[in-house]
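Chain residues, written in single-letter form:
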Amino acid sequence: MAGTKAGGQAAAATNRKKYGADFYARIGASGGKKGRTGGFFANRELAREAGRKGGRISRRTKVAKTTKADFDLAA
């Protein structure tokens, strides 16, 4: 039953049975301890640079400016 809610619950039960009741707690606890860089909060200039790069390569299209002539149907 892979890919279903029941399958996921069965897999979670199996993992807890094999690796202990605190299996997912141990995985979650290790997540914050592995980082070494401190993230963007610790380095505001790095965050600024990353935001600049992301904005520059953004795939969102710019909003075109409309004028009164665009809506003038009589012309």
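Shown above is the structure to which this text applies.
A.B. asks: Would you take a moment to explain the overall build of the protein chain for this structure?
C.D. replies: Scanning the protein chain from N- to C-terminus turns up 5 helices and 0 strands. Secondary structure elements in the protein chain, listed N-terminal to C-terminal, are α-α-α-α-α. Split into buried and exposed, the 75 residues of the protein chain put 5% on the buried side. Just so you have it, the protein chain exposes about 7,300 Å², and 59% of that area is on carbon and sulfur atoms.

A.B. asks: Would you mind going over the pattern of salt bridges with me for this structure?
C.D. replies: Opposite charge on two side chains permits pairing when their charged atoms draw close. Counted under the stated rule, the structure contains 3 salt bridges. Measuring nitrogen to oxygen at the nearest pair gives 3.5 Å for the salt bridge that ties Glu45 to Arg48. Residue Glu45 and its partner Arg48 are both found in helix α4 (residues 44–56); the two are separated by 3 residues, about one turn of the helix. For Glu45, a relative accessible area of 48% gives the class partly exposed. The exposed category is assigned to Arg48, whose relative accessible area is 55%.

A.B. asks: Whenever I open this one, the packing of aromatic side chains confuses me. Can you help?
C.D. replies: Pairs of aromatic rings are described using the distance from one ring centre to the other and the angle between the two planes. Within this structure, the stated rule accounts for 2 aromatic pairs. A centroid spacing of 5.1 Å and a plane angle of 25 degrees characterise the contact between Tyr19 and Phe23, whose relative ring orientation is stacked. Residue Tyr19 is classed as partly exposed on the basis of its relative accessible area, which comes to 44%. Take Phe23: its relative accessible area is 16%, and that puts it in the buried class. Both rings, one in Phe23 and one in Tyr24, keep their centres 4.8 Å apart while their planes meet at 75 degrees; by these two values the pair is edge-to-face.

A.B. asks: I tried to follow helix α1 (residues 5–19) on my own but got confused; where do I start?
C.D. replies: In an α-helix, one full turn covers 3.6 residues, which means residues spaced three or four apart are oriented alike. Helix length check: α1 (15 residues) gives 21 Å between terminal C-alpha atoms against 21 Å at 1.5 Å per residue, within 8%. Within two residues after α1, Gly20 carries a phi angle of roughly 105 degrees, on the positive side.

Rules used throughout
Residues numbered from 1 in each chain as written. Predicted model: local features only at pLDDT ≥ 70, side-chain atom pairs only at ≥ 80, totals over all residues. Heavy atoms only, no water. Helix = DSSP H or I, 4+ residues; strand = E, 2+ residues; numbered from the N terminus. Buried < 20%, exposed > 50% of the residue type's maximum accessible area, 1.4 Å probe, protein only. Areas by Shrake-Rupley, 256 points an atom, 1.4 Å probe, with all protein chains shown as cover. Salt bridge = Lys/Arg side-chain N within 4 Å of Asp/Glu carboxyl O. Phe/Tyr/Trp six-rings, centres within 6.5 Å; stacked < 30°, edge-to-face > 60°. Expected span 1.5 Å × (residues − 1).

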